[in-house]
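Examining the three-dimensional arrangement
Listed here are the chains, written in short residue letters.
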Amino acid sequence: HIGEGTDDAAHKEIGKVIKANLFKRKIVAVHGVAMDYRQAASFEGVVWCPASNYFLLGKTAAVNQWKRQTKIVFGTDSTLTSSWHGAAHFMAALDSGMVTEKELLDMLTGLPAALWGFKDRGVIKEKMKADLVIKQKSNNLFNNYQEEMLLVVKGGETGLAAAAVFAQLPAREKINYEHISNEGSSFFVKAGITKLVNAILSYYPQAKIPFELA
């Protein structure tokens, strides 16, 4: 974590880290709110956490100025410092006006794979490992994505399926799933969600669960 502030001290600490990197090791910065254009070029990548930045600092990193300087990947930092709903984080990024939907998608897929050196993932391509998210076609990729979700495949297994899609799966693939709903949409998810929700509510009864258990 570096440059996680808006004052001169936060800016100067970035310069100190750059100067101390005598062996030119590849460094990935998290936040970099106080980072400038020239400093960004000294980092292999920056993990951008706009929702957390806005919550804590009232501003976020100027990633729109660094796109040619370094790899920008997307992060949330902590659900303690902003919403725990992914949609809120995605919309904070888009509402900033600094990135397009395509750029945000790249920050979640190909760019992280390239940044951490995973050559077998990051794109949908033959012989590549891919976790897939399939949703209904709409004008906005990220807005209402939860309600429009059709299928999530992770590690070759169905993690979530809309009811209509789940009904088409072979019987052998329908074992150990639980039913949830959201905004009138019905889904089946891998077993364990009920136990997880109950555990959360036992510690934090006021928690807002973004779906209903069947």
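This text goes with the structure placed above it.
Cut-offs applied
- Residues numbered from 1 in each chain as written.
- Predicted model: local features only at pLDDT ≥ 70, side-chain atom pairs only at ≥ 80, totals over all residues.
- Heavy atoms only, no water.
- Pairing = 2+ DSSP bridges.
- Helix = DSSP H or I, 4+ residues; strand = E, 2+ residues; numbered from the N terminus.
- Right-handed = clockwise from strand over helix to strand, strands pointing away.
- 1 Å grid on protein atoms, 1.4 Å probe; cavity = no way out; pocket = protein on both sides within 12 Å on 5 of 7 lines; lining within 4 Å.
- Points joined across faces, edges and corners; volume = space filled by probe spheres on them.
- Nonpolar A, V, L, I, M, F, W, Y, C, P; charged D, E, K, R; others polar.
- Phe/Tyr/Trp six-rings, centres within 6.5 Å; stacked < 30°, edge-to-face > 60°.
- Buried < 20%, exposed > 50% of the residue type's maximum accessible area, 1.4 Å probe, protein only.
- Axes fitted to C-alpha atoms, helices over the stretch in contact; angles between N-to-C directions.
- Contact = heavy atoms within 4.5 Å.
- Parallel < 35°, antiparallel > 145°, perpendicular 65-115°, else oblique.
- Salt bridge = Lys/Arg side-chain N within 4 Å of Asp/Glu carboxyl O.

**Side note on the pairing of strand S3 (residues 71-74)**
- Where strand S2 (residues 45-48) meets S3, 4 bridges bridge the pair, whose relative direction is parallel. Pairing of Trp48 across the sheet is with Phe74, part of S3.
- A crossover links S2 with its parallel partner S3, the connecting element being helix H3 (residues 50-57), and its sense is right-handed.

**Digging into the layout of surface pockets**
- Looking at the largest pocket, its volume works out to about 1700 Å³.
- Lining of the largest pocket is provided by 45 residues; of these, Phe90, Val133, Tyr145, Met149 and Val152 occupy positions nearest its centre.
- Of the residues belonging to the lining of the largest pocket, the class tally is 30 nonpolar, 10 polar and 5 charged.
- Taken as a whole, the second largest pocket spans an internal volume of roughly 160 Å³.

**A few points about the packing of aromatic side chains**
- Counted according to the given criterion, the structure contains 5 aromatic pairs.
- On the numbers, 5.6 Å between centres and 45° between planes, the contact of Phe74 with Phe90 is tilted. With Phe74 in strand S3 and Phe90 in helix H4 (residues 86-95), the pair connects residues that are 16 residues apart, well separated along the chain. In this pair, the class of Phe74 matches that of Phe90, namely buried.
- Centroid distance Phe90 to Phe142: 5.1 Å. Interplanar angle 55°. Geometry classified as tilted. Residue Phe90 is located in helix H4, and its partner Phe142 is located in the loop between strand S4 (132-135) and strand S5 (149-154); the two are separated by 52 residues in the primary sequence.
- Under the relative-accessibility criterion, Phe142 is labelled buried at 6%.

**Concerning the sheet that holds S3**
- Taken in spatial order, the 3 strands make up an open sheet running S1-S2-S3, and their pairing is parallel. The open sheet has two edge strands with one neighbour each: strand S1 (28-30) and S3. Direction aside, neighbouring strands of the sheet carry axes that sit 25° apart on average.
- On the sheet, helix H5 (residues 101-108) packs against S2 and S3 and is oriented at approximately 85° with respect to S3.

**A word on the packing of H3 against H4**
- With their axes 8 Å apart at the nearest point, H3 and H4 run at an angle of 80° to one another. Accordingly, the angle class assigned to the pair H3 and H4 is roughly perpendicular. Judged by residue contacts, Pro50, Ala51 and Tyr54 of H3 engage His89, Ala92 and Ala93 from H4.
- Of the residues assigned to the contact of H3 with H4, the class counts are 5 nonpolar, 1 polar and no charged.

**Notes on the sheet that holds strand S8 (residues 185-190)**
- Reading across the sheet, the 6 strands line up as S4-S5-S6-S8-S7-S9 and stay open at both edges, with antiparallel pairing between neighbours. Of all the strands in the sheet, just S4 and strand S9 (212-213) have a single pairing partner and so form its edges.
- Pairing of S4 with S5, which is carried by 4 bridges, proceeds in the antiparallel orientation. Residue Val133 lies in a different strand from S5, and its bridge partner there is Val152.

**Observations concerning the pattern of salt bridges**
- Enumeration according to the criterion identifies 9 salt bridges in this entry.
- Of the charged contacts in the structure, one is a salt bridge between Lys12 and Asp8, with a shortest N-O distance of 3.1 Å. Taken together, the residues Lys12 and Asp8, both in helix H1 (residues 8-20) and 4 residues apart, mark about one turn of the helix.
- For Lys12, a relative accessible area of 49% translates into the label partly exposed.
- Accessibility expressed as a relative area gives 46% for Asp8, which makes it partly exposed.
- Across the pair Glu44 and Lys71 runs a salt bridge, and its minimum N-O distance is 3.7 Å. Of this pair, Glu44 sits in the loop between helix H2 (37-40) and S2 while Lys71 sits in strand S3, and the two are 27 residues apart along the sequence.
- Judged by relative accessible area, which is 27%, Glu44 ranks as partly exposed.

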